[in-house]
Every structure is written in C-alpha cells, then in structure tokens.
Amino acid sequence: MKKSLVKLTLLGAACALFLFSGCSHSSDSDNESENFLDFEWTGDQNYKSPTKLPELSNQSENLEENWWRYSVFYHIWIKSFKDSDLNDCSRNCGDFKGIEDSLDYIKNDLGCDAIWLSPFYECEYKENTNAASAQMNMHGYDVVNYYKVNSYFGTGNGSNAEAELDSLIKACHEKGIKIIFDFIPNHTSSSNQWFKDSINKKNGKRSWYLWNDTPLNGTNNYGGNPWHREPENSLFPDSNPNKKYSYYYATFTDNMPDLNYRNWEVREEMKNVARFWLNKGFDGLRVDGARHLIENATSSVDTPETHAWFAELREVLDEYESPKFMVCESWIDGNRAATESYFGTDEKPEFHMVFDFDQGKPMAAAAYVGETLIIHDGKNYNLAECIRANPSSSKTYGIFLCNHDTYYPRLGSVYGEGTSTGAIFATTLYLLAPSVPFIYYGNEVGQALGDFDGDFAWRQPLKWNLVNEQKKDENSLLNINKKLIALRNSSEYRDLFANGTIQMLKCNMIITGTNKPWTGAVQYIISNESKKLLVSANLTNYKQRCLWFEDFGVADVENYSLLIGNKETYNSFDYADGDFKTYDYAPHEIRVYDLTSADKECILDIWDYDFNSLYIRGSFNKWKPTAPMSYNEESQEFSISITVEEKKSDETENTEEEEEEEVVAGKIIEFKLDECGDWAHSLGPVSAEKSVLKLNTPLEITDKTGLDTNLKFTPEEAGTYLFTYKNADRTITVSKVE
C-alpha cells in the first residue's frame, strides 16, 4: 500500500471514534436481524394529532419546478455558526439571529441560494446554560419535543427563539434563499413525553415504541444489541411495580428509542410534524437516518415497510402549492441499488433527492492520494466510477465533501487549513459535478477539524477571522467557491449542471515498465442538448507533460473556450481517431473547456505550469537522470551536449560497464527525456516507427508514458552533439557542434 494511502486510512480510522453521536451515522452495511419480531399493527387509523397546525406563513413564491436541482446548499450547524450576543460560538451557542445577520455572506460572498439547518428542536443532551452547552456536543438528534424550539438558539434568554426562527425563514425568502430543516423520524429522546408515557403505559403511548419482554436478536448501528432494558432506577416507577422489566428497541443509542411505525398514530403524528414546519415556511426537509425506520423479520434497514411510509410522506409534500422537497440521508457506501431505491417508483415516488455517499470521499481524497484509486476506512473507491450526473429529470443526487458526521475529514485537516492546492482541487472537482452540492459551513474557507474526540471535532465554531481574511484575496478558497458557484448558476450553464449527462473518458496511459494503467488523471465530458464541457484533472502533485485519453467522441473542437485552467498552456491539445491529448499541466490543475463556444472568459487561472526542468536518461548514463538539460526561458528550449568518441577497433574488447557508459561513433544511443527525474514522467517517441532521430531533423515526441520504445540516434562520427528539445512544438533535434 502506498504511504499516502496508509496515512489517509489511519486518518479515517481516527475519525471513526465517537464522543457522543446521536445521529444516523456510520452505517453502511445491511444489518440483518435473526428472529427479529415482526410487530403487529396497532393504534387508531383515524387518529388526528392534538397539535394544531399553524396557518401557512412565510411561503416561498414563484419557485420553479424542481428548484432544488439548480441550487447550491449551505449546511449550517446552528450551535457553531454565529452567535449574535457575544459573537463567539466558543462561549455561547450560535443562534438564528446570527444566521439571519449572515445571509448576505451566504448569498453574496459565497453564492449559495439554499440553506439546510441542523436540528433546532428542544433536545435532551445539553447543559443547563447557553454558555455551557456551547462547550459540548449538543447535537439535537435526541428530540424532546418536535414542536418546540431549542431556546439556546434565541438571543438573550432565548424566550424569543421561535419568533427569531420565523424571522430567519422570512428573511431567507426575501433574499431569494430557500431553507430546509432536519427531520428526525426514526427515534426520539428517552426524555420525550411520548416515551415517558410509553414506559408508564399512559395515554395510549405504550405501542408508540417497540417493546418486548426479553431482548431479541439484532445489531444496532454501532455493532451492539439494539434492545435495552428499562432503567434500574427508572424515573418512571409506576412502570415497574413488580420489577418486571421490559426491553425497548433503539438502533442508535439507548437514550434515543425508536418509534414504532406499525402504529397508525405514530405514522400520522410524524406527518403532522413535517406539516407543522412546512406550514411555517420551510421549503423542504432533510430526513435523518431514513434506512432505519421500520424493521421486519429479516432486516433492520431498507425494508419495504420503510419505503412505503416515505411514499406516504411524499404525498404530504405534494399537497403544497409552493414546491416542497425532501432529501434522503441513508448512509450507504457501495450499494447503488439500495441508494437508488429511496427514489421510490413511478407509481410510488419517495424522495426527490438522495445523498450520494459514494461521490464525496474520492473527490476530497483524490489530490491527497494523487490517483483515482482511493482507500478510506478500509473501503475502495474509484474516482472515475464515482462521479455521476443526476439519474433522471425527477431524481437528484446531493453530494458533499464532508458533513457534521465522521464521513470524511474537513479539507483543512487533509491539506492544511486555509487555501491550499489540494483544497482547491477537491472544491473545484466537486462543484463541477452535475449533481447538487451541499457545502458544510467552514469548508468554503478550508477550516480544519477541532481538537476533540469523535464527531464533535466536525462541529466546532466557524472561524470568522479566516472568512474575513479570504474575502480580501481574489484567489482564496472562499472566492474560488464563489466563482465556481457563479458558473453553475449562470444562465448558460445552470441547466447543464442540473440535467447534464457524463461521459467518462478512458485513460490511455500506462506506467513505464509495468504495463499497468496510469491512474493519475481523470477526464470526462458533461453535456446536454446545447453544451459540452470537458473537465480534465491532474490528480498528482507533479507537473504532467501530457494527459492522453480515448473515447473522446467529439468530431470538431475548433470553437472552444477555456473556462478554468492555465491560459498560457490551455490551447495545447491534439485529437484524432477518438483520442484526446492535452498538455502542460501544473500540479493539481483542473482544466475545463467549453467545447461549444469560442468567446467565453476564463474565470479561474491560478495554476502555473513552470516547465523549467528536464533530464535526459539513456544508455550513456545507465538510464539515470544525472544530466539536467540547460533551459533557455526566452526560446523555451532545453539542450545538452554529449561527446561521442572515435569508433573502437574490432580488436578492442569493451566491458559491460564501458558499453553502458561510453558513447562511440557508429553505436546507437537510446534515450528518453524525463521531466521530474523519475520513470513516471518520461517523454518518448510518438511511435516505434517514429523513434529514430536523423541529424538536424526535428522529431516529435510525446508523453505516452509506458511505451518501451526509446528515442534512438546513431552518431556517424566522433565529436560533440547538441540535443535540443523545443517545448513550443514538442520536438527534439540533434545537431553536430562544429
């Protein structure tokens, strides 16, 4: 395993430690449960929630159909984003007013037009003061009351928290920003009144949760048994007059018991929760832990019963005149069928969007590893297979580089905090994908993880000083995010990124001496009926002389523009018979061509190729790059002189070492040029038929790394010969120095 892969894997392993999660997290396998009880249906099918729905208010107006496909979302962890009281989320929890005050930053300085809020409900896991809770992992996925707002997210004493949430929703819509909330249907807090009543067998709530006299078999989200006994010293003594304990089911942790969706009342109550917040003006919801909703006799995840309820929830959203949408969080790695199943069917549609957990990790890691093949947390990813377009006009992928869980480290912890070539590469690749991006707060400025255990490290205060510094720098990571989002949102390209398809090109380069495919670059075409963009990315931290791909399939690229990349080298490419070669890439450079327009402006040019070193290796120096060539910057020519000795008589016997080192008249010199002093960046002949140099005759060479064919020249007489490589036309010429 490569050293970089080992380091990345260890980093991922360290990120798997949890202080206290409370979310739907880190489950990517199909958890099977032997002898899991298939509970009977209970409850009143005509049940109506006692919580009255608010009148419709703060609704978005004139939203286009499928608006979410054209959006870029900003994912805000409320507690850690911005506090308007002390302006310091390390000493006070962030609040709704802090977000409202920052809408111009989100919309204008960054460019996002939609927001996803982390849970804001009254929750159990928090301290008794705002300041104390700022120091802990108060996550909000342990809901105490779905209809009550966490007071710590209000200003002052928090009594106005709900009104300030209403104000935030209204302010978002006034600025053309959509806003969605985090919906947690699978479980509640053990402090939720519903669960208290369920333990005490009061108010008809016993069957709102899953109970059994003995613990059944099964595996929870962290590998343990999901069945938990009532507490020994229960706060609810009426439930245990004879000390006969029951066991309840919780797929995450014991303080978050699962709701029972085979109860008609639970099903209706949770639809009422969704309606409650949609009526208040939210434009949609992100559904937490979707795959765990309803267990059956054979499985605890992705069951038909789960899909059936989400089809019912979809009907609730479809009732609204202003288009509402829901995005599915079902943490699934490498199981496309399971991921795609949450779109539902044509007859029973479910989610408008699903989070694609297969795309983000390889995008984030590609520059770190330097190749398309990624290993993270013991799983294999291939970047060339993971970049996907939205699957259809009615089905949408949501993608992210990191989020509030331990999915993948923050960019600043992988590449160094702030603006770095690796963070720029990952951000550019991800924002150029024809899916819907979700930017986790702080990732836009390359913020690093905090020095804490588990997912708390991902949920630390936004470093506003880093934000303010990067606002001033045109080429900062923040402003690169802004430029790329503006490109996505432009009238010319917005449909391409929402509805375009991807054609992944096949790399036609192999590793010298191994004949194995080279994996240091990726190229693909995004296209719709009117536009074609070519995305070409050098994943390595080395300059690349040429990227050679096949299956190009574009007959005419005479009218093209460079949208992103080095303007000094962008027009260096060749294409013939379906092959496409682009040249002179800087380390971690991403290049984007509009293949349908010749008049587009380059919006991002931050890479310098700096082609100023070249070595020659061959039979005269044991194939070691010990002879750097001289460089003339004005003519962009490299040159080196080689002395040729007189031809030896037939009687003179040469040793093997002399044959390798001495250059004599009449003897073939075999050689290649090498850009970086290693075998991975060699320049050789275009073909075996065009490998022989003649005196004073330029010969074209290429970076078809891996061909065993060498350049060849036979000096006819002794003397000094000048080998000259011209970068402008990629030719090498041998001349005799008189």
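Cut-offs applied
Residue numbers here run from 1 along each chain, matching the order of that chain's written sequence. Side-chain atom pairs in this predicted model are given and counted only at pLDDT of 80 or more, local residue features only at pLDDT of at least 70, and totals for whole chains, interfaces and linings cover all residues. To get the side-chain values, take all heavy atoms of the structure and skip hydrogens and water. Secondary structure elements are defined from DSSP: runs of H or I of at least 4 residues count as helices, runs of E of at least 2 residues count as strands, and each element is numbered from the N terminus. Categorising residues by exposure relies on relative accessible area from a 1.4 Å probe, with only protein chains included: less than 20% of the type maximum marks a residue as buried, more than 50% marks it as exposed, and the intermediate range marks it as partly exposed. Shrake-Rupley sampling with a 1.4 Å probe provides the accessible areas, and residues are treated as covered by the protein chains on show and by no other component. Two strands pair under a simple rule: DSSP has to find at least two bridges between them. Note on terminology: a nonpolar core comprises buried Ala, Val, Leu, Ile, Met, Phe, Trp, Tyr and Cys residues joined through side-chain atoms within 4.5 Å. Residues are treated as being in contact if the distance between any of their heavy atoms lies within 4.5 Å. Stacked, edge-to-face and tilted labels apply to pairs of Phe, Tyr and Trp rings (six-membered ring for Trp) whose centres lie within 6.5 Å, assigned for plane angles under 30 degrees, over 60, and everything in between, in that order. Two conditions define a charge located above a ring, namely a distance within 6 Å from the ring centre to NZ of Lys or CZ of Arg, and an angle within 35 degrees of the ring normal. All axes are obtained by fitting lines to C-alpha atoms, using only the stretch in contact for helices, and the reported angles, taken between N-to-C directions, cover 0 to 180 degrees. When a carboxyl oxygen of Asp or Glu is within 4 Å of a side-chain nitrogen of Lys or Arg, the pair counts as a salt bridge. For any pair of crossing helices, the crossing counts as left-handed if the nearer helix is rotated counterclockwise from the farther one by less than a right angle, and right-handed if it is rotated clockwise. Under this grouping Gly is polar, as are all residues other than the nonpolar Ala, Val, Leu, Ile, Met, Phe, Trp, Tyr, Cys and Pro and the charged Asp, Glu, Lys and Arg. In the analysis that follows, any N or O atom pair within 3.5 Å is treated as a polar contact, provided that within protein one partner can donate a hydrogen and the other can accept it, and provided that, for residues neighboring in sequence, both atoms belong to side chains. One confidence number per residue, pLDDT, is output by the predictor and ranges from 0 to 100. Given the number of residues in a helix, its expected span is that number minus one, multiplied by 1.5 Å.

Draft legend 1. Local environment of the overall build of the chain. Broken down by element type, the chain carries 18 helices and 34 strands. Here the chain, with 738 residues, has 59% of them falling under the buried criterion. Just so you have it, the chain exposes about 29,000 Å², and 45% of that area is on carbon and sulfur atoms.

Draft legend 2. Layout of the sheet that holds strand E7 (residues 227-229). Pairing in this open sheet of three strands is antiparallel, and the strands run E6-E8-E7 from one edge to the other. Lying at the two open borders of the sheet, with one neighbouring strand each, are strand E6 (211-212) and E7. With three bridges connecting them, E7 and strand E8 (residues 247-249) associate as antiparallel partners. Bridge pairing in E8 links tryptophan 227 to tyrosine 249.

Draft legend 3. Summary view of the nonpolar core. Counting 157 residues, the largest nonpolar core has Tyr74, Leu117, Phe120 and Phe183 as the members making the most contacts within it. Contacts of phenylalanine 120, omitting those with residues within four sequence positions, involve Ile78, Phe96, Lys148, Val149, Asn150, Phe153, Leu165, Phe181, Trp277 and Phe282. Core analysis: the next-biggest nonpolar cluster, separate from the first, contains 25 residues, Ile616, Ile640, Ile642 and Ala665 among them.

Draft legend 4. Here's a closer look at the packing of aromatic side chains. Tallying each qualifying case throughout the model produces 55 aromatic pairs. Taking 5.1 Å as the distance between ring centres and 70° as the angle between the ring planes, the aromatic pair formed by tryptophan 194 and tryptophan 208 counts as edge-to-face. Residue tryptophan 194 is found in helix H7 (residues 193-200), and its partner tryptophan 208 is found in the loop between H7 and E6; the two are separated by 14 residues along the sequence. On the accessibility criterion, tryptophan 194 (13% relative accessible area) is buried. Relative accessible area serves as the criterion here: at 1%, tryptophan 208 is assigned to the buried category. Just above the ring of tyrosine 585 sits the side chain of arginine 591; from NZ or CZ to the centre is 3.8 Å. Geometry around tyrosine 721 places lysine 736 over its ring, the cationic atom sitting 5.9 Å from the centre.

Draft legend 5. Geometry of the environment of glycine 520. The topology assignment puts glycine 520 in the loop between strand E17 (506-507) and strand E18 (521-527). Spatially, the C-alpha atom of glycine 520 lies 9.3 Å from that of valine 369, the residues being 151 residues apart in sequence. Aside from chain neighbours lying at most four places away, what touches glycine 520 is Gly370, Glu371, Ala537, Asn538, Leu539 and Thr540.

Draft legend 6. Spotlight on unusual backbone geometry. Even without being a glycine, asparagine 62 presents a positive backbone phi close to 60°. Tracing the backbone through its elements, the reader meets asparagine 62 in the loop between helix H1 (3-15) and strand E1 (73-76). Taking the relative accessible area as the measure of exposure, asparagine 62 reaches 79% and is therefore exposed.

Draft legend 7. Examining the pairing of E18 more closely. Across the seven residues of E18, seven count as buried, placing the element largely inside the fold. A two-sided burial pattern is seen for E18, the buried positions comprising Ala521, Gln523, Ile525 and Ser527 on one face and Val522, Tyr524 and Ile526 on the other. Summarising the sheet, strand E16 (residues 501-504) and E18 pair through four bridges and their orientation is antiparallel. Each residue of the ladder has a partner; that of methionine 504, found in E18, is tyrosine 524. Examined bridge by bridge, E18 and strand E19 (residues 532-538) share seven bridges and lie antiparallel to one another. Residue pairing across strands places valine 522 opposite alanine 537, the latter belonging to E19. Two successive antiparallel strands, E18 and E19, enclose a turn made up of four residues.

Draft legend 8. View of the sheet that holds E1. Spatial ordering of the closed barrel is given by E1-E2-E5-E9-E10-E11-E14-E15, a layout of eight strands whose pairing is parallel. In this sheet, adjacent strand axes meet at a mean angle of 25° when their direction is disregarded. Where strand E11 (residues 353-355) and strand E14 (residues 396-399) come together, three bridges link them in parallel fashion. Looking at E14, one finds that methionine 353 is bridged to threonine 396.

Draft legend 9. Representation of the pattern of salt bridges in the model. Under the defined criterion, the tally for this structure stands at 37 salt bridges. Between arginine 336 and glutamate 340 there is a salt bridge, with its nearest N and O atoms 3.2 Å apart. You can see arginine 336 and its partner glutamate 340 sitting in helix H10 (residues 336-340), four residues apart, about one turn around the helix. Aspartate 599 is the salt-bridge partner of lysine 600, the closest N and O atoms lying 3.9 Å from each other. Here lysine 600 falls in the partly exposed class, since its relative accessible area comes to 26%. Connected through shared salt-bridge partners, Arg336, Glu340, Asp356, Asp358 and Arg388 make up one network.

Draft legend 10. Highlighting the pairing of strand E20 (residues 544-550). The buried count for E20 comes to seven of seven residues, which makes it a mostly enclosed element. Of the pairings in the sheet, the one linking E20 to strand E23 (residues 579-585) comprises five bridges and is antiparallel in character. By the bridge assignment for E23, tryptophan 548 is matched with lysine 581.

Draft legend 11. Just the packing of helix H8 (residues 264-279) against helix H9 (residues 304-318), in detail. Following both chains from N to C, one finds H8 and H9 inclined at 35°, their axes separated by 10 Å at the closest point. The chirality of how H8 crosses H9 is right-handed. Contacts between H8 and H9 involve Arg267, Met270, Lys271, Ala274, Arg275 and Leu278 on the former and, on the latter, Trp309, Glu312, Leu313, Val316 and Leu317.

Draft legend 12. Highlighting the packing of helix H11 (residues 360-369) against helix H14 (residues 421-431). Contact pair H11 / H14: the axes reach a minimum separation of 8 Å and the direction vectors enclose 145°. With respect to the hand of their crossing, H11 and H14 are arranged in right-handed fashion. Between H11 and H14, the contacting residues are Met363, Ala364, Ala366 and Ala367 on the first element and Gly422, Phe425, Ala426, Leu429 and Tyr430 on the second. Residue classes in the contact of H11 with H14 are distributed as eight nonpolar, one polar and no charged.

Draft legend 13. Inspection of the side chain of arginine 267 at higher detail. Along the chain, arginine 267 falls in helix H8. Arginine 267 sits in the buried class, given a relative accessible area of 4%. Engagement of the side chain of arginine 267 in a polar contact is seen with the side chain of glutamate 312, the distance being 2.7 Å. For arginine 267, the contacting residues outside a window of four places in its chain are Trp41, Tyr261, Ile294, Trp309 and Glu312.

Draft legend 14. Local environment of the environment of tyrosine 560. Looking at the element boundaries, tyrosine 560 is found in the loop between E20 and strand E21 (561-564). Residue classification places tyrosine 560 among the buried positions, given a relative accessible area of 18%. Residues tyrosine 560 and serine 597 lie 37 residues apart in sequence; the distance between their C-alpha atoms is 4.9 Å.

Draft legend 15. Region of interest: the environment of methionine 256. Considering the arrangement of structural elements, one finds methionine 256 in the loop between E8 and H8. Sequence-wise, methionine 256 and serine 190 are 66 residues apart; in three dimensions their C-alpha atoms are separated by 5.6 Å.

Draft legend 16. Broad picture of the confidence of the model for the chain. Considering every residue of the chain, the mean pLDDT works out to 88; 88% of them sit at 70 or more. Segment residues 1-35: pLDDT under 50, and 117 contacts once partners within four positions in sequence are set aside and those in other chains are kept. The low-confidence segment residues 654-660, where pLDDT is below 50, has 11 contacts with residues more than four positions distant or belonging to other chains.

Draft legend 17. Structural detail: helix H6 (residues 161-174). An ideal rise of 1.5 Å per residue puts 20 Å on 14 residues; H6 measures up with 20 Å between its terminal C-alpha atoms. All of the buried residues in H6 are Ala161, Glu164, Leu165, Leu168, Ile169, Ala171, Cys172 and His173. Check the buried side of H6 and you find it contacts helix H3 (96-101), helix H4 (103-110), strand E2 (114-117), strand E4 (143-149), strand E5 (178-183) and H8. Taken from the residues just after H6, glycine 176 is the one with a positive phi, measuring 75°.

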